[in-house]
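Here is what each chain is made of, one letter per residue.
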Amino acid sequence: MTEMKPVTEATTVKAPVLPDAQTVTDVKHWTDSLFSFKVSRPASLRFRSGEFVMIGLLGDNGKPLLRAYSIASPSWDEELEFYSIKVQDGPLTSKLQHIKPGDQIILRPKPVGTLVHDALLPGKRLWFFATGTGFAPFASLLREPQTYEDYDEVIITHTCREVAELEYGRQLIEDIRQDEMLAELIGEGFADKIRYYPTTTREESPKMGRITNLLNDGTVFADLGIEGGIKPETDRAMVCGSLAFNLDIKEILEGFGLREGANSEPKEFVIEKAFVG
């Protein structure tokens, strides 16, 4: 007969309580290295489309393991969407990639970021320059009514290595064009302002090449029928990608006469330096 031992505080194992917990509602794996997921939104959370928050899981040591993630859903959405890479030996994404609906993640409800309309001076044409999962903040801004109220034209460039890595952005833009609720919210014909310019650097596709090279040699402007390139009087830009990409685009934009802005001092372009992915 097994001896029954009294349960004491010392022998009771307490399940860890996740701080700032939000529930995963949907997960979609796009490729072996990319996935998106949605979580519940805290009732008190207010953010501007284009901002990011810190999200994560408990690490093996029981302490929160957090990284900056741009919110891919617009500010009016009832849920929060995120778009992430999978790093097999990454401290966070090695675990995060296995989440499923019903699981919980940590979400610190303190949104910040520079990829917001407030950081730009008024203009007529808005450029979004993204590589990889840097598309995420623009997924938010492309569904933000103010984007179309403020600009006559919205150009989103997205550069990835392979065609499959473009699918998240391609499908989102296709959905935007067919979304009746967005048309009602923003206004009929709003999606006609969107010009989508995807490129690949490794796998063959309709448009090959790094966006930086295509800007420097004028291909982008020829393809889009834009004379004179980017002009500081009319053009505004937001940039989100790797550090090297951000620096290259910054140099190109400054070559056209644009100045880098911030929340406290709006100018002609902004770069998200804190984005991870």
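Predicted model, so just to flag it, every value in this text is computed and none were measured.

Colleague: Summarise the pattern of salt bridges; cite the residues concerned and give the values.
Modeller: Under the criterion given, the structure shown has 17 salt bridges. The salt bridge involving Glu 153 is made with Arg 125; its shortest N-O contact spans 3.0 Å. Placement of Glu 153 in strand 8 (residues 153–160) and of Arg 125 in strand 7 (residues 125–131) is noted, with a sequence separation of 28 residues between them. Here Glu 153 and Arg 125 have matching classes, each one buried. In this structure, Glu 153 engages Arg 195 in a salt bridge whose closest nitrogen and oxygen atoms are separated by 3.0 Å. You can see Glu 153 sitting in strand 8 and its partner Arg 195 sitting in strand 9 (residues 194–200), a full 42 residues away along the chain. According to the relative accessible area criterion, Arg 195 is partly exposed, its value standing at 28%.

Colleague: So what's going on with the packing of aromatic side chains? Which residues, and what values?
Modeller: Scanning all chains against the criterion turns up eleven aromatic pairs. When the centroid spacing of 3.9 Å and the interplanar angle of 15° are considered together, the rings of Tyr 83 and Tyr 168 count as stacked. Placement of the pair is Tyr 83 in strand 5 (residues 79–85) and Tyr 168 in helix 4 (residues 167–178), with a sequence separation of 85 residues. We classify Tyr 83 as buried; its relative accessible area is 1%. With 6.0 Å between their ring centres and 80° between their planes, Trp 127 and Phe 221 make a pair best called edge-to-face. Taken together, the residues Trp 127 in strand 7 and Phe 221 in helix 7 (residues 219–224) connect sequence positions 94 residues apart. In this pair, the class of Trp 127 matches that of Phe 221, namely buried. Site record: aromatic cluster; members linked through ring pairs are Trp 30, Tyr 83, Phe 135 and Tyr 168. One cation-aromatic arrangement involves Lys 28 over Trp 30; the distance from NZ or CZ to the ring centre is 4.3 Å.

Colleague: Summarise the sheet that holds strand 3 (residues 52–58); cite the residues concerned and give the values.
Modeller: The strand order across the open sheet built from six strands is 4-3-6-1-2-5, with neighbouring strands paired in antiparallel fashion. Lying at the two open borders of the sheet, with one neighbouring strand each, are strand 4 (64–70) and strand 5. The average undirected angle you get between the axes of adjacent strands in this sheet is 40°. Across seven bridges, strand 3 lies against strand 4 in antiparallel orientation. Residue Phe 52 lies in a different strand from strand 4, and its bridge partner there is Ser 70.

Colleague: An account of the environment of Thr 201 is requested, with residue identities and associated values reported.
Modeller: Mapped onto the fold, Thr 201 is located in the loop between strand 9 and helix 6 (211–216). In sequence terms Thr 201 and Gly 228 are 27 residues apart; their C-alpha atoms lie 26 Å from each other. Beyond its immediate stretch of four places on either side in the chain, Thr 201 contacts Thr 159, Cys 160, Arg 161, Met 208, Gly 209 and Arg 210.

Colleague: A description of helix 8 (residues 243–255) should follow, citing residues and the corresponding values.
Modeller: Owing to its 3.6 residues per turn, the α-helix brings residues three or four apart onto one side. Between its terminal C-alpha atoms helix 8 stretches 18 Å, which fits the 18 Å expected from 13 residues at 1.5 Å a residue. Where helix 8 is concerned, the buried positions are Phe 245, Asn 246, Ile 249, Ile 252 and Leu 253. When helix 8 is viewed along its axis, its buried side chains cluster within an angular range of 130° and face the same direction. Looking at helix 8, the residues exposed on the side facing more than 90 degrees away from the buried face are Leu 243, Glu 251 and Gly 255. Looking at the buried residues of helix 8, the elements they touch are strand 7, helix 6, strand 10 (235–240) and strand 11 (269–271). Just past helix 8, the residue Gly 257 takes up positive phi, approximately 100°.

Colleague: If you had to explain the nonpolar core to someone new, which residues and values would you point to?
Modeller: Within the largest apolar cluster, 34 residues are counted, with the highest numbers of intra-cluster contacts made by Phe 128, Phe 135, Phe 138, Leu 142 and Met 238. Among the secondary structure elements, those contributing two or more residues to this core are strand 7, helix 2 (136–141), strand 8, helix 4, helix 5 (180–186) and strand 10. Those residues in contact with Phe 138, other than ones at most four positions away along the chain, are Leu 115, Phe 128, Phe 129, Ala 130, Ile 156, Met 238, Val 239 and Cys 240. Counting residues in hydrophobic clusters, the runner-up holds 21 residues, among them Ala 237, Phe 245, Ile 252 and Leu 253.

Colleague: Could you give an account of the sheet that holds strand 8, naming the residues involved and the relevant values?
Modeller: Strand order across the open sheet formed by five strands is 9-8-7-10-11, with parallel pairing between neighbours. The strands lining the two open edges of the sheet, one partner per strand, are strand 9 and strand 11. Recorded for the sheet is a direction-independent mean angle of 10° between the axes of neighbouring strands. Pairing between strand 10 and strand 11: three bridges, direction parallel. Its bridge partner lying in strand 11, Ala 237 is registered against Phe 269. Contacting strand 8 and strand 9, helix 4 crosses the sheet at an angle of about 165° to strand 9. The sheet contacts of helix 8 involve strand 7, strand 10 and strand 11, and relative to strand 10 the element is tilted by about 165°.

Procedures and definitions
- Residues numbered from 1 in each chain as written.
- Predicted model: local features only at pLDDT ≥ 70, side-chain atom pairs only at ≥ 80, totals over all residues.
- Heavy atoms only, no water.
- Salt bridge = Lys/Arg side-chain N within 4 Å of Asp/Glu carboxyl O.
- Helix = DSSP H or I, 4+ residues; strand = E, 2+ residues; numbered from the N terminus.
- Buried < 20%, exposed > 50% of the residue type's maximum accessible area, 1.4 Å probe, protein only.
- Phe/Tyr/Trp six-rings, centres within 6.5 Å; stacked < 30°, edge-to-face > 60°.
- Lys NZ or Arg CZ within 6 Å of the ring centre and 35° of its normal.
- Pairing = 2+ DSSP bridges.
- Axes fitted to C-alpha atoms, helices over the stretch in contact; angles between N-to-C directions.
- Contact = heavy atoms within 4.5 Å.
- Expected span 1.5 Å × (residues − 1).
- Arc of directions from axis to C-beta.
- Core = buried A, V, L, I, M, F, W, Y, C linked by side-chain atoms within 4.5 Å.

The analysis is restricted to geometry; functional conclusions fall outside its scope.
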